[in-house]
Amino acid sequence: MSQMSAPTDDSLFLRACRGEATTRPPLWMMRQAGRYLPEYREIRQKVSFLELCKTPLLAADVTLQPIRRFGFDAAILFSDLLVPLEAMGMAVEFTEQGPRLPAPLRGPDDLTRIQSFDPAQRTDFVLETIRLAREGLGLTPLIGFAGAPFTVATYAIEGKTSKNFAETKKFFYRHPRAARQLLALIGEATLGYLKAQITAGVSAVQLFDSWVGVVSTDDWNDFVFEPTAALIAALRATGVPVIYFGNGATTILDRIGALGADVYGVDWRLPLDEARTRLASTARYPFAVQGNLDPAVLLGPIPLIERRAADVVTRGGRRGHVFNLGHGITPETPIESVEALVRVVRGS
Ligand code: CP3
């Protein structure tokens, strides 16, 4: 047996996720393992992105890279949102221009091309990455993740990162029954996938709804809310905190609160205290917020970073705040900027 130390429930990160008071907010950053790190770029010179995701020794090492360098309060599994979509039966490629799915779903007849899957069979490399990362992390909690049903559906339908999501909306409006079936199917597959991550050793799970900012309130009510809330409820039944990050969705925060998550990721478009107030009108009590420094601030001068980060700490309040960026860190970010951020949040 290896010397395994599991994260305890009283880690700063898990306490904040439960809405408890902490002496300072725990800190991690979306996309913290990635191209802004020289040690990441070095590994990527030798292997492609998908190979990296599928090689547990390397993926676990990359998961640990930002923890070693900055001592963040939580690690996030190194993988990609499109990994489970591939496991559901869709071809996925990563190109210079981003992800490409060469055979997207465009109508009801295409639904037969995607199925639920056995995570131990189709995504064993992810579960092995989690087990290996856990061994290296000691007391630091590991966050598992998947895309929320809507965001995963946009990739299945558009075949790439879209600008206006016309194909997705066309599918929804012309084939509403099939669209709801698709979202339910993705939700079920994602539940099995995240439960397997929890069994393998993650202490919390985050659902990335990266493109939910493009839906109208009608589409939120007709299509998105139900499968997302159902997934969150089933995940919470396992006992781990569920973080829902709805990017670009500050205009519907009152509706998002009704999803029933433990923690709500907030992008940078609204001050964090205002976001908390809007969520509070519908959210369960207690709930926590995660965010929300604009990642672009890290491209500015150090005094600006210090000021803006301190403001986020203040607005986050003393309980139920996980410090994060408002979206993923950009590849151009200087290491010194992240170091300055860490100093401010730690108060050192
Ligand atoms: O946060 C982390 O450090 C964990 C790793 C992680 C990656 N992707 C690694 C990655 C996570 C959590 C994701 C999730 C993901 N993937 C999302 C949701 C998060 C978000 O930003 O809203 C989305 C939309 C994807 C799909 C995806 N993967 C896109 C659009 C791209 C291309 C854009 C880009 O940044 O290059 C990717 C590639 C990707 N995923 C990279 C990394 C480190 C870059 C690949 C490389 O090394 O070249």
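Residues numbered from 1 in each chain as written. Predicted model: local features only at pLDDT ≥ 70, side-chain atom pairs only at ≥ 80, totals over all residues. Heavy atoms only, no water.

Draft legend 1. Geometry of the site of the ligand. What surrounds the ligand is a group of 22 residues, the closest being R31, R35, Y40, S210 and H327. Taking R44, its side chain carries an N or O atom lying 2.7 Å from an oxygen atom of the ligand. In this structure, D80 approaches the ligand through a side-chain N or O atom, which is 2.7 Å from a nitrogen atom. Against a free-state accessible area of 870 Å², the protein chains account for coverage of 88% of the ligand. (Near = heavy atom within 4 Å. Polar contact = N/O pair within 3.5 Å; in protein donor to acceptor, adjacent residues only side chain to side chain. Areas by Shrake-Rupley, 256 points an atom, 1.4 Å probe, with all protein chains shown as cover.)

Draft legend 2. The arrangement of the pattern of salt bridges in detail. Across all of its chains, the model carries 15 salt bridges by this definition. A salt bridge links D73 to R24; the shortest N-O distance between them is 2.9 Å. Taken as a pair, D73 in the loop between α4 (56-70) and β1 (75-76) and R24 in the loop between α1 (12-17) and α2 (38-46) lie far apart in primary sequence, 49 residues in all. On the basis of relative accessible area, D73 is assigned to the buried category, the value being 15%. Notably, a salt bridge pairs D273 with R315, separated by 3.1 Å at the nearest N-O pair. Here D273, found in helix α13 (residues 272-280), pairs with R315, found in helix α14 (residues 302-316); they are 42 residues apart in sequence, far enough to count as distant. (Salt bridge = Lys/Arg side-chain N within 4 Å of Asp/Glu carboxyl O. Helix = DSSP H or I, 4+ residues; strand = E, 2+ residues; numbered from the N terminus. Buried < 20%, exposed > 50% of the residue type's maximum accessible area, 1.4 Å probe, protein only.)

Draft legend 3. Up close: the pairing of strand β6 (residues 242-246). Along β6, five of the five residues are buried, which leaves the element largely enclosed by surrounding structure. Note on the crossover from strand β5 (residues 204-209) through helix α11 (residues 217-236) to β6: the handedness is right-handed. Of the pairings in the sheet, the one linking β6 to strand β7 (residues 263-265) comprises three bridges and is parallel in character. Following the sheet pairing, F245 is matched in β7 by G265. (Right-handed = clockwise from strand over helix to strand, strands pointing away. Pairing = 2+ DSSP bridges.)

Draft legend 4. Highlighting α13. Listed as buried for α13 are L272, A275 and L279. Down the axis of α13, the buried side of the element spans an arc of 55°, and every buried residue falls inside it. Check the buried side of α13 and you find it contacts α12 (253-256), β7, β8 (288-293), α14 and β9 (321-325). (Arc of directions from axis to C-beta. Contact = heavy atoms within 4.5 Å.)

Draft legend 5. Representation of unusual backbone geometry. Here the amide bond leading from Y285 into P286 is cis, since omega sits at -5°, within 30 degrees of zero. Omega for the bond connecting G291 with N292 falls within 30 degrees of zero, at -15°, which places this linkage in the cis form. Not every positive phi belongs to a glycine, and R31 is a case in point at roughly 60°. One can find R31 in the loop between α1 and α2. Overall, R31 belongs to the exposed group, its relative accessible area being 54%.

Draft legend 6. Expanded view of the side chain of T228. Mapped onto the fold, T228 is located in helix α11. The class of T228 is buried, set by a relative accessible area of 0%. Polar contacts involving the side chain of T228 include one to the main-chain carbonyl oxygen of V224, which spans 2.6 Å. With near-sequence residues (within four places) excluded, T228 lies in contact with P149, Y244 and L259.

Draft legend 7. Structural view of the pairing of β5. Burial within β5 is extensive, with six of its six residues counted as buried. Of the two faces of β5, the one lined by A204, Q206 and F208 and the one lined by V205, L207 and D209 are each fully buried. With five bridges connecting them, strand β4 (residues 142-147) and β5 associate as parallel partners. Its bridge partner lying in β5, A146 is registered against L207. In this structure, β5 lies alongside β6, joined through five bridges in parallel fashion.

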